[in-house]
Amino acid sequence: MLNDIITPFRSGFDPDAHTELRLHRNTRRAVGLLSGNLVSNSRTENSGVSARVYRGGVYGFAADSETSEDRVAAVLKAATENAAFMDAHAGKGKGALPLLPCSGVDTAKPYDDVPQSVMIDFARQLDEYIAANCPKLTGRTISVRCDSMEKLLRVDNGYDSHSLMPRAFIYLDFSAETDAGVTVELYDVAGGFGGFADNFTDPALLYPFVDRLYTRLMEKREGVYADAGVHTCILGAEVAGILAHEAVGHTTEADLVLGGSVAGPMLNKRVASDKITLVDYAHTTPQGAAPLPIYVDDEGTPAEDELIIDKGILVGYMNSRETAEHFGMKPHGNARAYSFMDEPLIRMRNTAILSGTDKLEDMIASVDDGYYFMTTNNGQADTTGEFMFGIPFGYEIKNGKKGRAIFDTTITGVAFEMLKTADMVSDRMDWTCSGMCGKKQPMPVGMGGPDIRCRIMVGGR
């Protein structure tokens with residue numbers, strides 16, 4: 001755990017500016033097995049101290065990878081001088097940022113950072129089961145990935161905080177061949193918040209996870225190509241989650257709104273059917289703890305939920321303290337930095353479309369000729385809300401019944417138009433937090449959603 005050497009430097013904060021002083025440490029652990037052979041084994045750590053000072057509408061920033069008291073003093077001094085220089089030469093003449101309530105939150109709980117050998121042994125036991133029980137595989141990869149982000153933050157106004165966010169995942173990548181010799185692939189991921197030992201205690205507990213992935217791959221091996229064109233489809237919960245993050249969430253980040261995103265002129269207007277409500281949760285969801293709980297952001301703002309779409313109406317943006325002042329909104333703790341050398345950016349936390357009241361079986365029964373897209377393996381969207389997601393697994397729906405599995409395909413559309421066609425939303429909801437958002441800096445994020453029936457463009461063969 002980080003040793004608090006920065007609190008004594010609070011007395012050195014410039015009384016005429018807003019100051020953030022952050023001690024920060026990231027860790028990454030990785031183990032990889034390819035067809036039973038160890039191909040990767042690494043442990044890395046990245047740590048340092050940074051300071052950011054706001055004066056006159058501009059920021060000064062400084063960082064150092066050394067965390068001695070001398071370097072903390074030097075970083076604080078440099079950031080303060082940088083802010084004064086920027087104010088003198090490029091200042092906007094603005095006053096201080098609106099005041100925040102002041103307090104402190106310490107949610108950092110130690111976890112067991114297990115040796116590499118524990119992860120290797122676990123992966124090998126899991127690989128032995130796969131080799132013995134999945135005879136038609138032509139390739140198999142097991143990837144163990146663990147990371148953590150610990151931050152100690154001191155601010156002149158707002159919340160001091162100490163947080164630690166570990167994650168641990170096991171990725172399985174399987175491949176097989178069709179009778180025609182075409183390679184088909186599928187992957188899935190298990191794990192979540194916490195260290196390796198918190199998530200994985202016995203390889204046998206993952207055998208059902210392995211069996212499900214193998215069964216799906218064998219179905220895909222006998223699959224068919226989707227027909228290109230616009231179809232009535234059901235987006236599975238995982239697909240709805242990435243839609244919430246990539247195609248809607250990013251367009252409502254206030255820095256991208258200022259850059260011209262489609263959400264700019266749409267505030268308080270309809271962007272989806274009244275079945276759609278979208279929230280960026282801070283630390284607690286209706287289902288319990290958020291996948292990656294955030295209690296205070298890196299500007300010292302206490303984290304609260306951000307309601308973005310309320311029954312189809314765009315009602316909010318995600319903000320930093322500065323953009324919140326610009327838009328006349330309340331900041332809800334979305335400014336986050338990935339490493340000690342990064343300044344905070346507006347980032348999503350746990351973004352999700354809320355569940356509805358429909359049963360998935362009724363949704364499938366309502367589709368005469370369409371598809372049920374269950375998983376996604378990649379996706380991209382731009383600030384217009386136009387998106388394209390890869391679909392590695394799904395089923396065709398014929399006459400209200402789930403049919404054959406499909407080969408890889410894509411779906412595309414414009415989020416604010418496509419979501420207006422959403423007319424059924426399931427009463428169940430899934431979350432995932434294995435991904436990294438790539439907006440300038442990587443950042444762990446959670447995303448979730450229900451099943452959604454809608455009209456969407458499907459790519460064909």
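Heads up: the structure comes first, above all this text.
Presented here is an overview of the structure given in this document. Bear in mind the structure is a predicted one, so any value in this text is a computation, not a measurement.

A side chain of one charge can pair with a side chain of the opposite charge if their charged atoms are brought near each other. Evaluated as defined, the whole model comprises 30 salt bridges. Glu299 is the partner of Arg52 in a salt bridge, and the nearest nitrogen-oxygen pair spans 2.7 Å. With Arg52 in strand β2 (residues 37–55) and Glu299 in the loop between β11 (288–289) and β12 (306–310), this pair connects stretches of sequence that are 247 residues apart. Of the two residues examined, Arg52 and Glu299, each falls in the buried class. Close ionic contact of Asp147 with Arg167 constitutes a salt bridge, the shortest N to O distance being 2.8 Å. Residue Asp147 is found in strand β5 (residues 139–155), and its partner Arg167 is found in strand β6 (residues 159–177); the two are separated by 20 residues along the sequence. If you follow the salt bridges from partner to partner, you end up with Glu20, Arg52, Glu299 and Glu343 in one network.

Where β6 meets strand β7 (residues 183–193), 11 bridges bridge the pair, whose relative direction is antiparallel. Bridging across to β7, Tyr171 finds its partner in Val189.

Before going further, it helps to spend a moment on the sheet that holds strand β16 (residues 350–353). On the basis of which strands lie adjacent, the open sheet formed by six strands has the order β13-β12-β9-β16-β27-β24 and mixed pairing. Here the strands that pair on one side only, and so sit at the sheet edges, are β13 (313–314) and β24 (430–432). Each of β9 (278–281), β12, β16, β24 and β27 (446–449) touches helix α5 (residues 237–249); the most contacted strand, β27, lies at about 125° to it.

Attention now moves to the packing of aromatic side chains. Counted according to the given criterion, the structure contains 12 aromatic pairs. Considering the side-chain rings of Tyr54 and Tyr59, the 4.9 Å spacing of their centres and the 65° angle between planes classify their relative orientation as edge-to-face. Look at Tyr54 and you get buried, because its relative accessible area is 2%. Classification of Tyr59 by relative accessible area gives buried; the value is 17%. Measuring from ring centre to ring centre gives 5.9 Å for Phe122 and Phe200, while their planes differ by 55°; the resulting arrangement is tilted. Pair noted here: Phe122 is in helix α2 (residues 116–133) and Phe200 is in the loop between α3 (196–199) and α4 (207–221), with a separation of 78 residues, a long-range link. Considered together, Phe122 and Phe200 belong to a single accessibility category, that of buried residues. A connected cluster of aromatic rings, assembled from ring pairs, spans Phe122, Phe196 and Phe200.

Interaxial distance between α2 and α4 falls to 11 Å at its minimum, and their mutual angle equals 40°. Considered as vectors, α2 and α4 are oriented oblique to each other. Along this stretch, α2 crosses α4, giving a crossing that reads as right-handed. Residues Leu126, Tyr129, Ile130 and Asn133 of α2 pack against Tyr207, Val210, Asp211 and Tyr214 of α4.

Rules used in this analysis
- Residues take numbers from 1 onward in each chain, read along the sequence in its written order.
- The predicted nature of this model means local features are confined to residues of pLDDT at least 70 and side-chain atom pairs, given and counted, to a pLDDT of 80 or more, with totals for whole chains, interfaces and linings taken over all residues.
- To obtain the side-chain values, all non-hydrogen atoms of the structure were included, while hydrogens and water were left out.
- Criterion for a salt bridge: a side-chain nitrogen of Lys or Arg within 4 Å of a carboxyl oxygen of Asp or Glu.
- Helix numbering and strand numbering both begin at the N terminus, where a helix is a DSSP run of H or I of at least 4 residues and a strand a DSSP run of E of at least 2.
- Note on classification: 1.4 Å probe, protein chains only; a residue is buried when its accessible area is under 20% of the maximum for its type, exposed when over 50%, partly exposed between these limits.
- Should DSSP find at least two bridges between two strands, the strands are taken to pair.
- Note on definitions: a residue-residue contact is assigned when non-hydrogen atoms from the two residues lie within 4.5 Å.
- Fitting a line to C-alpha atoms yields each axis, with helices limited to the stretch in contact; the angle taken between N-to-C directions then spans 0 to 180 degrees.
- For Phe, Tyr and Trp, where Trp contributes only its six-membered ring, two rings pair if their centres lie within 6.5 Å, and the inter-plane angle classes them as stacked under 30 degrees, edge-to-face over 60, or tilted in between.
- The cut-offs work like this: below 35 degrees is roughly parallel, past 145 is roughly antiparallel, 65 to 115 is roughly perpendicular, and the gaps in between are oblique.
- By definition, turning the near helix anticlockwise from the far helix through less than a right angle yields a left-handed crossing, and turning it clockwise yields a right-handed one.

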